[in-house]
Amino acid sequence: MPFINANGIRTYYEAVGSGDPLILLHNDALSLDVWRRLIPHLAAQHRVIAYDRRGHGQSEIPPREAPYSVEVLVEDLRGLLDGLGISEADLFGCSGGAVTALAFALASPERVRRLILAEPPILGLRQDHPIDTAGLQGDTIARIMQEQGVAAGLDYWFRCVLPPARARALLRSRYRTLLLSRPPWIIEGIMRSAEGFNPTPRLQGVRQPVLLVLGEKTHRHFSSIIDVLGAHLPRATRLTLPGADHSTLLEPSDTLLSAVRDFLATPVPAGSSRACGT
């Protein structure tokens with residue numbers, strides 16, 4: 001199985017296809033397995049690289065005392081690209097993976113051609129915008145996990161942002177063992193990193209084309225964040241997936257596949273990847 005040392009973390013990844021590189025960044029608390037049904041379609045025209053983010057899937061779990069922040073996750077992605085010899089790529093992030101994708105584009109614009117951001121939970125936007133936070137608080141989740149365990153913390157988190165039936169199903173799904181095996185400091189780190197990330201002052205400087213993906217039935221938490229991003233990113237296009245919520249965004253629907261294919265075929269103007277600053 002392919003592993004690479006990325007920013008000091010033994011990182012699991014999979015690569016398939018050929019062509020321009022497309023990096024897939026998965027949801028919080030899950031793994032690259034969420035991309036399984038999409039990868040064959042995406043790999044028809046791209047070199048697709050999916051990886052397990054630190055503390056997720058088969059990648060190494062950092063110790064409790066190690067920092068877990070958006071900045072650290074950005075350096076993990078940089079280490080992956082450097083290790084694979086990739087100078088620039090398209091990025092497709094879902095949920096927490098989309099937070100890292102956007103942060104990486106802000107930190108290293110010269111290495112990003114296009115961005116696909118599917119419902120990033122950028123809780124730090126509440127510092128400047130009246131987003132719906134869905135009641136999510138790092139302190140609350142940390143307290144619940146301390147008193148009742150990881151399962152209770154995840155149940156609270158999922159019920160905040162998913163329809164009740166979806167939340168219940170996720171904790172009973174094939175991902176249950178993976179979810180419950182995450183240490184509490186990883187879950188807490190996920191939440192606190194999202195709370196600490198506020199890219200508002202830099203969004204206008206992003207010159208890459210951006211596709212913002214939103215489920216028609218998703219929680220207002222995510223749609224309010226997409227509203228902010230759509231208003232501030234100069235080259236953003238919005239895609240609404242009929243019938244989808246946050247847990248079904250990556251279903252390989254004709255709507256998603258067609259939009260992603262067309263978006264990744266859009267020419268990138270010379271110099272656009274160098275226009276945004278940190």
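Structure first, text after, so check above.
The structure reproduced in this document is the subject of the present report.

## Section: the side chain of Arg 114
For step 1, the next point in the chain: Within the secondary structure, Arg 114 sits in strand β6 (residues 112–118).
For step 2, the next point in the chain: Arg 114 sits in the buried class, given a relative accessible area of 4%.
For step 3, the next point in the chain: Among the polar contacts made by the side chain of Arg 114, one reaches the main-chain carbonyl oxygen of Leu 264 at a distance of 3.3 Å.

## Side note on the layout of surface pockets
For step 1, the next point in the chain: Approximately 700 Å³ is the volume attributed to the largest pocket.
For step 2, the next point in the chain: The wall of the largest pocket is formed by 34 residues, among which Asn 27, Leu 30, Leu 170, His 246 and Ser 247 lie closest to the centre.
For step 3, the next point in the chain: Each residue belonging to the lining of the largest pocket can be placed in one class, and the counts come to 20 nonpolar, 7 polar and 7 charged.
For step 4, the next point in the chain: Volume-wise, the second largest pocket comes out at about 170 Å³.

## Details of helix α3 (residues 96–107)
For step 1, the next point in the chain: For α3, built from 12 residues, the straight-helix expectation of 16 Å at 1.5 Å per residue is met to within 8% by its first-to-last C-alpha distance of 17 Å.
For step 2, the next point in the chain: Those residues of α3 lying buried are Gly 96, Gly 97, Ala 98, Val 99, Thr 100, Ala 101, Leu 102, Ala 103, Phe 104, Ala 105 and Leu 106.

## Observations concerning the sheet that holds β6
For step 1, the next point in the chain: Read from one edge to the other, the open sheet built from 8 strands follows the order β1-β2-β4-β3-β5-β6-β7-β8, with strand pairing classed as mixed. One side of each edge strand has no neighbouring strand; the edge strands of this open sheet are β1 (3–6) and β8 (236–241). Averaged over all pairs of adjacent strands, the angle between strand axes in this sheet comes to 25°, irrespective of strand direction.
For step 2, the next point in the chain: Examined bridge by bridge, strand β7 (residues 210–215) and β8 share 6 bridges and lie parallel to one another. When the bridges of β8 are listed, Leu 211 appears paired with Thr 237.
For step 3, the next point in the chain: Packed onto the sheet, helix α2 (residues 70–83) meets β1, β2 (9–16), β3 (21–25), β4 (47–51) and β5 (89–94) and runs at close to 125° relative to β1.

Basis of the calculations
- Residues numbered from 1 in each chain as written.
- Predicted model: local features only at pLDDT ≥ 70, side-chain atom pairs only at ≥ 80, totals over all residues.
- Heavy atoms only, no water.
- Helix = DSSP H or I, 4+ residues; strand = E, 2+ residues; numbered from the N terminus.
- Buried < 20%, exposed > 50% of the residue type's maximum accessible area, 1.4 Å probe, protein only.
- Polar contact = N/O pair within 3.5 Å; in protein donor to acceptor, adjacent residues only side chain to side chain.
- 1 Å grid on protein atoms, 1.4 Å probe; cavity = no way out; pocket = protein on both sides within 12 Å on 5 of 7 lines; lining within 4 Å.
- Points joined across faces, edges and corners; volume = space filled by probe spheres on them.
- Nonpolar A, V, L, I, M, F, W, Y, C, P; charged D, E, K, R; others polar.
- Expected span 1.5 Å × (residues − 1).
- Pairing = 2+ DSSP bridges.
- Axes fitted to C-alpha atoms, helices over the stretch in contact; angles between N-to-C directions.
- Contact = heavy atoms within 4.5 Å.

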